[in-house]
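# Examining the three-dimensional arrangement
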Amino acid sequence: MENQKKQPLNKKLLAGAVALIAAVAVLAAVYFGTRPAASAGEKTITVTVAAHGEEEAFTIETDAEYLRGALESIDLIEGSESEYGLFVTTVNGVTADDSKQEWWCFTKGGEEMMTGVDTTPIADGDAFEITLTEGY
């Protein structure tokens, strides 16, 4: 009698696990199908850094596919690794001060980016802005 009670529960668990795996597969397919594509080959981008009332523009020629590679190729950024990629703390030698709630805001064409430097694809002619911002 006890064996009969366990059997429906096992079937429910198995069905739930299969449904979960299917949902994860669908979400992964949607993500990989809709994420921004990286551009291979040589490209030129511009990056403007603004901090403490000063602004400096950089022209970067790179074959990197993502923003991090381009910025690191000229030693423009530093930071610490996190589970989400590089957490940028220093740009062009200026380190954000946590005690002042400073952080680096990355924008592309004036629009705030929803991706980190590790996952932001770059294309020839792109223009990025990195601004030291105060206040969380």
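Let us look at the structure shown here.

Procedures and definitions
- Residues numbered from 1 in each chain as written.
- Predicted model: local features only at pLDDT ≥ 70, side-chain atom pairs only at ≥ 80, totals over all residues.
- Heavy atoms only, no water.
- Pairing = 2+ DSSP bridges.
- Helix = DSSP H or I, 4+ residues; strand = E, 2+ residues; numbered from the N terminus.
- Patch = residues over 30% accessible without salt bridge, like charges linked within 9 Å, V, L, I, M, F, W, Y side chains within 5 Å.
- Areas by Shrake-Rupley, 256 points an atom, 1.4 Å probe, with all protein chains shown as cover.
- Salt bridge = Lys/Arg side-chain N within 4 Å of Asp/Glu carboxyl O.
- Lys, Arg positive; Asp, Glu negative; His and termini not counted.
- Charge placed at Lys NZ, Arg CZ, Asp CG, Glu CD.
- Buried < 20%, exposed > 50% of the residue type's maximum accessible area, 1.4 Å probe, protein only.
- Contact = heavy atoms within 4.5 Å.

This brings us to the pairing of strand β3 (residues 77–82). Of the pairings in the sheet, the one linking β3 to strand β4 (residues 85–91) comprises 6 bridges and is antiparallel in character. If you follow E81 over to β4, its bridge partner there is L86.

What follows concerns a negative patch on the surface. A contiguous patch of negative charge, built from E42, E61, D63, E65 and D124, is present on the exposed surface. D124 gets classed as exposed once you look at its relative accessible area, which sits at 56%.

The next point concerns the environment of K100. Here K100 lies in the loop between β5 (94–95) and β6 (102–108). Taking C-alpha positions, K100 is 7.4 Å from G135, a pair spaced 35 residues apart along the chain. Contact partners of K100, with chain neighbours within four places excluded, come to E134 and G135.

A separate point is unusual backbone geometry. In this structure, H52 is a non-glycine residue whose phi angle is positive, near 55°. Tracing the backbone through its elements, the reader meets H52 in the loop between β1 (43–51) and β2 (54–62). We note that D75 has phi near 55°; this positive angle belongs to a residue other than glycine. The topology assignment puts D75 in the loop between α2 (67–73) and β3. The class of D75 is exposed, set by a relative accessible area of 67%.

We now examine the pairing of strand β8 (residues 127–134). Two elements, β1 and β8, share 5 bridges in a ladder whose sense is parallel. Bridged to T46 within β8 is A127. Relative to β8, β6 runs antiparallel, the two sharing 7 bridges. In the strand pairing of β8, W103 is matched with T133.

Just geometry here; none of it tells us what the structure is for.
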